[in-house]
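Structural overview
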Amino acid sequence: MQSKNSGNVGSNPAARVLVASSAMLAFISFWRVAAIVLNDMGSSAFYAGGISEHFIGKTAPWFILAIMLIAATVAALYIESCGMFVRGGVYRVVKEAMGSTLAKFSVSALMFDYVLTGPISGVSAGQYLVGLLNELLHLAHSKLVLPENSTAAAFAILCTLYFWWENIKGIHESSEKALRIMYVTTVMVVLMVLWCCYTLWVRGAHLPPLPSLHNIVYYQGAHGGALGWLHKSSLPYTIGFIGILIGLGHSVLAMSGEETMAQVYREIEHPKLPNLKKAAWVIFLYSLVFTAGATFFAVMIIPDSIRAQFQENLIGGLAMSLVGPLWLKLAFHIFVVTVGVLMLAGAVNTAIVGSNGVLNRVSEDGILPEWFRKPHKKFGTSYRILNLVVVLQLLTIILSRGDMFVLGEAYAFGVMWSFSMKGLAVLVLRYTEPGKREYKVPLNFRIGKIEIPLGLALITLTLIALCGINLFTKEVATVSGLAFTIILFSVFEISEKITRKRASSHAELDQFNIEPGDDLTPESVGVDPGNILVMVRNYNTLYNLGAVLDRVDTHKQDVVALHLRFLGRAGAGEYELSPEQLFSSEEQTLFTRALGLAEKKGKTIHLAVAGATEKWDAILRAAQSLESSVVVLGASPNRPVPEEAWVAGQAWERLPDPKPQLALEIYSPGGQEHIFYLGPHAPRLTPKEIDLLHGIWLELSAGVAPEEIHHHDIIHFALEELRGEMTESRKEEVVRRLKEHLHEIQTRRVPQ
């Protein structure tokens, strides 16, 4: 431990920064983990079955079922990967196992997946909306028919632009929101399963044809249809194994989102690995019932004569084909569309967040220039990366013209190659890092001292085989995917060389001693209890730090400048980032300017960085750990000051006991100060309120004489009377009168 003054301005050539990589993370239950993954993976249930049937006919449900089983083995692969201490996502794991070149290739393929995830989810949501609207127009006997593809594309563009702006502003993902969406989705799934079973009981049931060469019907169309470059070959018609691989290749969309398991591993509460296994079982069973079940029900219930009309909104068509009155089916159709739009729109957002996270990690490794990570002047987000990703997604939507089948054909390229590279990397690490693991993919045996990971090898070979068959049968995916991957890989190679040459360009920035820490405490940061915690997020908006330094004598009260590094799920990886990753060039620039500001005012500050997932949870836990008395922020660009204070108060209530009493100071860019108090505290009475209290005391003193009465007795008595009025029958009346009072004094209130 260095001395208390080691972080002070001028005390050392290199100031000290405490980096707490995981101290301020918010940990979540395995149920929430399952909800987050299912929000991604479950969204594919709305389009995977229809796209699969389009390419391989009525045998599609069996292939979707097989993909769900393969997804379970991929989950086992990710569980083993999470059990190894290899920091980072696919990029980091592949780099650790097989070097930088293959790591850049894998992340290039993964980016192709992210670029397509947003468009296919947005277009699918649009298709469900268009299907519902056309159904309503038809029932209203209107001659207007909305064009499906172009209307769906327009909706996808609007959806993408909306989430682009939300991410520019820095709206973070919420596990609570994911859980609520899954509550609603579960209601829909239960209703769907029960209603479908009743329909089959009334009408009778016939399973879809088994996946044999005789039953697989390959789509014949542009770009070789379902067979691509094999459309002139006899292999798909004569070799059953080839036919099975082709069918699986056109169904792999059903397990898109599986990689989210690794992204949320860092957030799972302890014990981590057992909870991840529980989440994996929930995900497997849920997706088996929802994704595979919906595809089976659709083929068994929707008549063959009209099912082709619903291949782009399969569950909507299923809703309208059930037994029952039309109004009830229409109501369920509306419910299905509402749930679908919620989940699919969430997948659009996840694609943007994931792309941003992956490219940020790659940039931090020196692969991309730091120019990409320059923060937005107002919001502090990496807006240039977001702009790049969204432009690519919008181009994809426009070029596809809202055609789900074109998007579906191209989509599987990135996700399958990223799965394959992940499997190969974990397989290599079994031999290069043979240490004990908390979990191993099953089916392992030994020949002498050599372990044979049969299960892991079979999973990896299956994934590589699917990648191989997709190369030959998906012309659009192969051409566009390889072109995108090669171009992005080339950009990575060239920019990495340029970035290394320019590494010396940051010599003007201060150098810092990075000190890892398990937690933020007064001892670890080198401050006394009662300190002032100043949150710094953007080197362009340090006015709150300047205001504190203007009024505080840092010899009597310590000032801690804390930067929270928000770790988005996608791209951040299975484990917390290392201190060197958490303290990137942005943090270096931020603290250089913070130290410069402190030096200019002749004051001292202490510096710290912490990883976080939830803003106010992390801020207040940091203040509690540091035993701070005051928390100071700049005004949020996303929330009004009163709303920000309310959110802070709600987070304070969730703190573990003993809860600290804290003053919250929020500064506006113009210098206006807003003061709030978190926790029980004596109210700050205005002179008018004091005069009112004194007047009441004078009147009541004469009435109760010779009993002695004090001002606090008046307040206590008034509060007891108010509590007595707040019965169930009169509470609404009290609230109404309070609102009227607040409205009356609103113009006279002065911000504290």
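Data block above holds the structure.
Structure report, in brief. In every chain, residue numbers begin from 1 and rise along the written sequence. In keeping with the model being predicted, local features are shown solely for residues with a pLDDT of at least 70 and side-chain atom pairs are shown and tallied solely at 80 or more, while totals for entire chains, interfaces and linings include all residues. Water and hydrogen atoms play no part in the side-chain values, which are based on all heavy atoms of the structure.

Turning our attention to the overall build of the chain. Starting at the N terminus, helices and strands are each numbered in turn, a helix being any DSSP run of H or I of at least four residues and a strand any DSSP run of E of at least two. Within the chain, the secondary structure is distributed over 27 helices and 10 strands. Compactness check: the chain gives a C-alpha radius of gyration of 30 Å against a globular reference of 27 Å for 752 residues, within 12% of the reference. Relative accessible area decides the class of each residue, using a 1.4 Å probe on protein chains only: under 20% of the type maximum gives buried, over 50% gives exposed, and in between gives partly exposed. Counting all 752 residues of the chain, 55% fall into the buried class. Of the contacts made within the chain by residues no fewer than 6 positions apart, 81% connect residues no fewer than 24 positions apart. Computed with the Shrake-Rupley method and a 1.4 Å probe, the accessible areas treat only the protein chains shown as cover for residues. Accessible area of the chain: about 33300 Å², with a carbon and sulfur share of 63%. Neither His nor the chain ends contribute to the count of charged residues, in which Lys and Arg are positive and Asp and Glu negative. Working definition for charges: the position is that of NZ of Lys, CZ of Arg, CG of Asp or CD of Glu. Counting 63 positive and 66 negative side-chain charges, the chain places the centres of these two groups 6 Å from one another. In this setup the radius of gyration rests on C-alpha atoms only. A globule is expected at 2.2 Å times the number of residues raised to 0.38. We call two residues in contact whenever any of their non-hydrogen atoms come within 4.5 Å of each other.

Take the nonpolar core next. Note on terminology: a nonpolar core comprises buried Ala, Val, Leu, Ile, Met, Phe, Trp, Tyr and Cys residues joined through side-chain atoms within 4.5 Å. Residues Phe 46, Met 255, Phe 290 and Met 416 are the most contacted members of the largest nonpolar core, which totals 145 residues. Top contributing element to this core by residue count: helix 16 (residues 404–432), with 16 residues. In this structure Phe 46 touches Ser 124, Tyr 128, Met 188, Phe 290, Leu 314, Ile 315, Val 336, Val 339, Gly 340, Met 343 and Leu 344, once residues within four positions along its chain are discounted. In terms of nonpolar packing, the next biggest core, distinct from the first, is built from 33 residues, Ala 20, Leu 533, Leu 562 and Ala 648 among them.

Note on aromatic contacts: the rings of Phe and Tyr and the six-membered ring of Trp form a pair at centre separations within 6.5 Å, being stacked when their planes are under 30 degrees apart, edge-to-face when over 60 apart, and tilted otherwise. Following the criterion strictly, the structure yields 16 aromatic pairs and no others. Between Phe 55 and Tyr 219, the aromatic rings sit 5.8 Å apart at their centres with planes inclined by 85°, giving edge-to-face as the arrangement. Separated by 164 residues along the polypeptide, Phe 55 in helix 2 (residues 48–56) and Tyr 219 in the loop between helix 7 (175–203) and helix 8 (235–238) bring together distant segments of the chain. With 6.1 Å between their ring centres and 35° between their planes, Tyr 198 and Trp 201 make a pair best called tilted. Here the residue Tyr 198 and the residue Trp 201 both occupy positions in helix 7, the gap between them amounting to 3 residues, near one helical turn. Clustering of aromatic rings is evident, with ring pairs tying together Phe 46, Tyr 128, Tyr 286 and Phe 290. Here, a charge over a ring is recorded when the distance from Lys NZ or Arg CZ to the ring centre is within 6 Å and its angle to the ring normal is within 35 degrees. Positioned over the ring face of Trp 652 is Lys 659, at 5.8 Å from the centre of the ring.

Structurally, the position occupied by Ser 382 is in the loop between helix 14 (326–364) and helix 15 (383–400). For Ser 382, a relative accessible area of 10% puts it in the buried group. N or O atoms within 3.5 Å of each other form a polar contact, as long as, within protein, one can give a hydrogen and the other can take it, and as long as residues adjacent in sequence are counted only when both atoms are side-chain atoms. Here Asn 356 takes part through its side chain, which lies 2.8 Å from a polar atom of the side chain of Ser 382. Dropping the residues within four chain positions of it, Ser 382 is found in contact with Asn 356, Asn 360, Phe 372, Arg 373 and Lys 374.

A few words now on the pairing of strand 2 (residues 444–447). Between any two strands, at least two bridges found by DSSP are needed for them to pair. In terms of strand pairing, strand 2 meets strand 3 (residues 450–453) through 4 bridges, oriented antiparallel. Note on strand 3: the bridge partner recorded for Phe 445 is Ile 452. The hairpin turn running from strand 2 into strand 3, its antiparallel successor, is 2 residues long, and Gly 448 in that turn takes a positive phi close to 70°.

Another aspect to go through is the packing of helix 5 (residues 100–139) against helix 16. Whenever a helix is involved, its axis is fitted only over the stretch in contact; in every case the axis is a line through C-alpha atoms, and angles between N-to-C directions fall within 0 to 180 degrees. Relative to each other, helix 5 and helix 16 sit at 145°, their axes nearing to 8 Å. Handedness of the helix 5/helix 16 crossing: left-handed. Classification used: nonpolar for Ala, Val, Leu, Ile, Met, Phe, Trp, Tyr, Cys and Pro, charged for Asp, Glu, Lys and Arg, polar for all others including Gly. By residue class, the composition of the contact of helix 5 with helix 16 is 17 nonpolar, 7 polar and 1 charged. By convention, the crossing between two helices is left-handed when the near helix turns anticlockwise from the far helix through less than a right angle, and right-handed when the turn is clockwise.

So, on to the side chain of Thr 199. For Thr 199, the position within the fold is in helix 7. With relative accessibility at 1%, the residue Thr 199 sits in the buried group. Reaching out from Thr 199, the side chain makes a polar contact with the backbone oxygen of Trp 195 at a distance of 2.9 Å. In this structure, Thr 199 is in contact with Gly 204, Ile 301, Leu 322 and Val 323, ignoring residues within four places of it in sequence.

It helps to recall that an α-helix has 3.6 residues per turn; residues three or four apart then point in one direction. In a regular helix each residue adds 1.5 Å, so 29 residues correspond to 42 Å; helix 7 covers 41 Å between its end C-alpha atoms and thus fits that length. Once helix 7 finishes, Gly 204 follows within two positions and takes phi at roughly 95°, a positive value. Residue count minus one, scaled by 1.5 Å, sets the expected span of a helix.

Our focus in this paragraph is a nonpolar patch on the surface. The patch calculation keeps residues exceeding 30% relative accessible area without a salt bridge and links them within 9 Å when they carry like charges or within 5 Å when they are nonpolar (Val, Leu, Ile, Met, Phe, Trp, Tyr). Within this document, salt bridges are pairs made up of a side-chain nitrogen of Lys or Arg and a carboxyl oxygen of Asp or Glu, the two lying within 4 Å of each other. Together, Leu 443, Phe 445, Ile 447, Leu 454, Leu 458 and Leu 461 give the surface a local cluster of nonpolar side chains, amounting to about 580 Å² of exposed area. Elements that contribute at least two residues to the nonpolar patch include exactly strand 2 and helix 17 (454–473). If one sorts the elements of the nonpolar patch by residue count, helix 17 sits on top with 3 residues. On the accessibility criterion, Phe 445 (39% relative accessible area) is partly exposed.

With respect to burial, strand 7 (residues 606–612) is a largely interior element, 7 of its 7 residues being buried. What you see with strand 7 is no split at all: His 606, Ala 608, Ala 610 and Ala 612 on one side and Leu 607, Val 609 and Gly 611 on the other are buried throughout. Pairing of strand 6 (residues 559–566) with strand 7 involves 7 bridges; the strand directions are parallel. What sits directly across from Phe 566, in strand 7, is Ala 612.

Axis separation between helix 2 and helix 16 bottoms out at 10 Å; the angle between their running directions is 90°. When the interaxial angle is binned, helix 2 and helix 16 end up roughly perpendicular. Mapping the contact onto sequence places Gly 50, Ile 51, His 54 and Phe 55 in helix 2 and Met 404, Phe 405, Gly 408 and Glu 409 in helix 16. Classifying every residue of the contact of helix 2 with helix 16 gives 4 nonpolar, 3 polar and 1 charged. Angles are sorted into four bins: roughly parallel if under 35 degrees, roughly antiparallel if over 145, roughly perpendicular if 65 to 115, and oblique for all others.

For the rest of this paragraph, the subject is the pattern of salt bridges. Under the definition given, this model contains 20 salt bridges. Of the charged contacts, one joins Glu 515 and Arg 16 as a salt bridge, the two residues approaching to 2.9 Å between their closest N and O atoms. On the criterion of sequence distance, the pair formed by Glu 515 in strand 4 (residues 512–516) and Arg 16 in strand 1 (residues 15–24) is long-range, its members being 499 residues apart. With its nearest N and O atoms 3.2 Å apart, the salt bridge here joins Glu 644 to Arg 639. Each member of the salt-bridge network shares a partner with another, and the members are Glu 53, Lys 58, Asp 304 and Arg 307.

Let us now look at the environment of Ser 585. One can find Ser 585 in helix 22 (residues 585–600). The exposure class of Ser 585 is buried, given its relative accessible area of 9%. Taking the C-alpha atoms as reference points, Ser 585 and Phe 284, 301 residues apart in sequence, are found 41 Å from one another. Not counting the four nearest positions on each side in its chain, Ser 585 is found in contact with Glu 370 and Arg 373.

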